[in-house]
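This is what each chain is made of:
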2 protein chains.
Amino acid sequence: MPQRSATNKVMLEVVKTACSNCNLRELCMPLGLDHREMEKLDEMVSARHRIRRGEHLYRAGQRFDAIYAIRSGFFKTDVLIEDGRDQVTGFQMTGELLGLDGISTETHSCNAVALEDSEVCVIPFSHLEGLSREIRTLQHHFHKVMSREIVRDHGVMMLLGTMRAEERLAAFLLNLSQRFTARGYSPAEFYLRMTRDEIGSYLGLKLETVSRAFSRFQEEGLIAVQQKYVRILDTAGLKKLMSHQRG
Amino acid sequence: MPQRSATNKVMLEVVKTACSNCNLRELCMPLGLDHREMEKLDEMVSARHRIRRGEHLYRAGQRFDAIYAIRSGFFKTDVLIEDGRDQVTGFQMTGELLGLDGISTETHSCNAVALEDSEVCVIPFSHLEGLSREIRTLQHHFHKVMSREIVRDHGVMMLLGTMRAEERLAAFLLNLSQRFTARGYSPAEFYLRMTRDEIGSYLGLKLETVSRAFSRFQEEGLIAVQQKYVRILDTAGLKKLMSHQRG
DNA sequence: CGGAGACTTGACCCCAATCAATTGCGGTGG
DNA sequence: CCACCGCAATTGATTGGGGTCAAGTCTCCG
């Protein structure tokens, strides 16, 4: 319990931002650590960083030296190639990590942009590797997180390679729903933080196609949608949509 | 130097399959290790495994406990979903690792199939984590390899999300060329180990489309292709193709 | 209240999918 | 050795899903 003293406010601030007291600890890095290990983690994750909506957390080409855990907010990552084309490679929410792509070349290979005012915890990568060598659990957890990212990417490849437009959007909505649920939010009702254009880029579709698919889903009673607000009315219906190649 | 003795032959066999003497050491796990560290790696990577063309190295759903380094041969990985659709998520060649996707859930999330008679080195994962805690260089290298896989996946997402058929095939051929080059083979001439159907699955195209694109490239003098044999005649032309959205 | 950006909707078009026929190739057995 | 089989690949004709272009509506915010 925090001491009642003149330093109370500062204490609270510190407590509030420590991994050991973070309400994301079941989703984020601390998973599975004991008390002593958690303290070491707290030391490592000393810096926090606020990012305003629309600002970059990092840009492709910048030197990599830390990964970031999202404490609050919402991000997108995107890559762009010379001729101007770009693609959103992912949307990240609280408890998820950003920057894993930078490890390989020690240079960030994509851009990370806040889609709403956000706060991230800075995890200096060399410290993380150091602590991983001491704490088995942390090491293993980190490996799992990287692997999960690979599996997720395979899922997106599947989506882009084999699904038609409406299936892609259904998969996208169900995925969002599941992730909001894991964070204690409603599985059926949420605000999209990204534009139709960004959804389209992620799903390999044009914004008009995304918009049409939303409208169709609404006509069919699968969802209620009004701009960024989405309410899922028929989860089973959306799932069924995904398992039919045509029709 | 191997001793001249009755055990000579056995010795040679051991030497031949040790990481420290493997001609892939600049591509594979040993990268950057000193002599002592290399010896420890040799101990860890004790088992080898032969896989015949068409056989599975592992299947989705099987328990994960090792990753595999390809010593010789060629593999594909694919995922399949309930309704029967499947997608090739990658083609792997010598020196590359297989099985990273299994770390996250301790269960393989895709199938790995040999496209020609192959040999892999078995790297028990718990041993690898153990050794990573001892050897900084190995740990860092392993992290880089995982990260590289993530970056590669982003490249594929880009390809699937934004490129048209011919661009995809051009990108695919250039990528193969580059990887063969890194292994000391000709950059301009190689045999494809996979079918048109498998290429198509990987690129999000139907096999007929792949075939047509091959034919078109040949007509335009970019490549010479006869079944599985491919000869790149105009690398610059293929690259140029990739940077034009239409035309 | 006015303007800019986000979104929706419609009409048309094009690239790749689909359907279908044929050719080429490698292995197997008479 | 060659005929045959089955699979892989090529090629053609047609179709359709999503892209493109364009017009209009909604919303947020200064």
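Criteria and cut-off values
- Residues numbered from 1 in each chain as written.
- Chains lettered and ligands numbered in written order.
- Predicted model: local features only at pLDDT ≥ 70, side-chain atom pairs only at ≥ 80, totals over all residues.
- Heavy atoms only, no water.
- Near = heavy atom within 4 Å.
- Polar contact = N/O pair within 3.5 Å; in protein donor to acceptor, adjacent residues only side chain to side chain.
- Helix = DSSP H or I, 4+ residues; strand = E, 2+ residues; numbered from the N terminus.
- Nonpolar A, V, L, I, M, F, W, Y, C, P; charged D, E, K, R; others polar.
- Contact = heavy atoms within 4.5 Å.
- Buried area = accessible area lost by both parts, 1.4 Å probe.
- Salt bridge = Lys/Arg side-chain N within 4 Å of Asp/Glu carboxyl O.
- Axes fitted to C-alpha atoms, helices over the stretch in contact; angles between N-to-C directions.
- Parallel < 35°, antiparallel > 145°, perpendicular 65-115°, else oblique.
- Left-handed = near helix turned anticlockwise from the far one by under 90°.
- Buried < 20%, exposed > 50% of the residue type's maximum accessible area, 1.4 Å probe, protein only.
- Least-squares fit on C-alpha atoms with pLDDT ≥ 70 in both.
- Core = buried A, V, L, I, M, F, W, Y, C linked by side-chain atoms within 4.5 Å.
- Domains from an automatic or database assignment.

1. Considerations on the protein's contact with DNA strand C
Around DNA strand C sit 20 residues in total, of which S211 and S215 of chain A together with A165, T209 and R212 of chain B are the nearest. The protein-proximal atoms of DNA strand C, defined as those within 4 Å of the protein, are 69% sugar or phosphate. Separating a base nitrogen of DNA strand C from a side-chain N or O atom of E208 of chain B is a distance of 3.3 Å. Of all elements in the fold, only α7 (207-219) of chain A together with α7 (207-219) of chain B reach the threshold of two or more residues within the surface near DNA strand C. The element best represented in the surface near DNA strand C is α7 of chain A, accounting for 5 residues. Looking at side-chain class alone, the surface near DNA strand C contains 3 nonpolar, 8 polar and 9 charged residues.

2. What about the protein's contact with DNA strand D?
Around DNA strand D sit 19 residues in total, of which A165, T209 and R212 of chain A together with S211 and S215 of chain B are the nearest. Looking at DNA strand D alone, sugar and phosphate atoms form 66% of those within 4 Å of the protein. At a separation of 2.6 Å, a phosphate oxygen of DNA strand D approaches a polar backbone atom of A165 of chain A. The separation between a phosphate oxygen of DNA strand D and a polar main-chain atom of K206 of chain A is 3.2 Å. Ranked by residues supplied to the surface near DNA strand D, first place goes to α7 of chain B with 5 residues.

3. Some words on the interface of chain B and chain A
Each side of the interface is counted separately: chain B has 45 residues, and chain A has 46 residues. Overall, the association of chain B and chain A removes approximately 4500 Å² of surface from exposure, summing both partners, and the carbon and sulfur fraction of that is 59%. Three residues, R85, R133 and M157 of chain B, lead the burial of chain B against chain A; their summed loss comes to 17% of the area buried on that side. Put simply, chain B and chain A have 4 salt bridges between them. A salt bridge links E106 of chain B to K144 of chain A; the shortest N-O distance between them is 3.5 Å. Taken together, the links from chain B to chain A amount to 27 residue pairs in polar contact (both at pLDDT 80 or more). Elements that contribute at least two residues to the side of chain B that touches chain A include exactly β5 (86-93), α3 (125-134) and α4 (136-162) of chain B. Here the side of chain B that touches chain A takes 20 residues from α4 of chain B, the largest share from any one element.

4. Observations regarding the packing of helix α3 (residues 125-134) of chain A against helix α4 (residues 136-162) of chain A
All names here are of chain A. Viewed as axis vectors pointing N to C, α3 and α4 meet at an angle of 125°, and their least axial separation amounts to 5 Å. Classified by the interaxial angle, the pair formed by α3 and α4 is oblique. Between α3 and α4 lies a crossing whose hand is left-handed. Note on element contacts: α4 touches α3 through R136, L138, Q139 and F142, opposite F125, L128, L131, S132 and E134. A class-by-class count of the residues in the contact of α3 with α4 yields 5 nonpolar, 2 polar and 2 charged.

5. Points about the environment of T77 of chain A
Residue and element names in this part refer to chain A. With respect to the helices, strands and loops of the structure, T77 is situated in strand β4 (residues 74-80). According to the relative accessible area criterion, T77 is buried, its value standing at 4%. With 35 residues separating them along the chain, T77 and A112 place their C-alpha atoms 4.4 Å apart. Not counting residues up to four positions away in its chain, the partners in contact with T77 are Y58, Q87, V88, T89, G90, Q92, L98, C110, N111 and A112. Polar side-chain contacts of T77 include one of 3.1 Å to the side chain of Q92.

6. Quick look at the relation of the copies chain B and chain A
Between the two copies of this chain, the relationship is a rotation about some axis together with a displacement along it. Rotating chain B by 180° and translating it 0.0 Å along the rotation axis places it on chain A, where the RMSD comes to 0.0 Å. On this basis, the relationship between the two copies can be described by a two-fold rotation axis. Relative to the rotation axis, the C-alpha of R133 of chain B is the closest in chain B, positioned 2.1 Å from it. A shared binding surface is used by both copies, with 100% of the interface residues of chain B retained as interface residues in chain A.

7. Some remarks on the nonpolar core
L169, F172 and F214 of chain A together with L169, F172 and F214 of chain B are the most contacted members of the largest nonpolar core, which totals 103 residues. Here F172 of chain B is in contact with F91, M194, I199, Y202 and L203 of chain B, once residues within four sequence places are set aside. Among the nonpolar cores identified, the runner-up in size contains 53 residues, and I67, A69, C121 and L138 of chain B belong to it.

8. Quick notes on the domain arrangement of chain A
The figure often quoted for interface size is the accessible area lost as the parts come together. Residues and elements named next belong to chain A. Domain boundaries assigned for chain A yield domain 1 (26-137) and domain 2 (163-242). Contacts between domain 1 and domain 2 engage 15 residues on the former and 12 residues on the latter. Considering only the surface of domain 1 that becomes buried against domain 2, F74, F91 and M93 emerge as the three largest contributors, covering 43% of it. Taken together, the links from domain 1 to domain 2 amount to 4 salt bridges. Among the ionic pairs, E96 bridges to R179, the shortest N-O distance being 3.0 Å. The tally of links between domain 1 and domain 2 comes to 8 residue pairs in polar contact (both at pLDDT 80 or more). Those elements that provide at least two residues to the side of domain 1 that touches domain 2 are β4 and β5 (86-93). For the side of domain 1 that touches domain 2, the element with the most residues is β5, which contributes 8 residues. Split into classes, the residues belonging to the side of domain 1 that touches domain 2 amount to 6 nonpolar, 5 polar and 4 charged.

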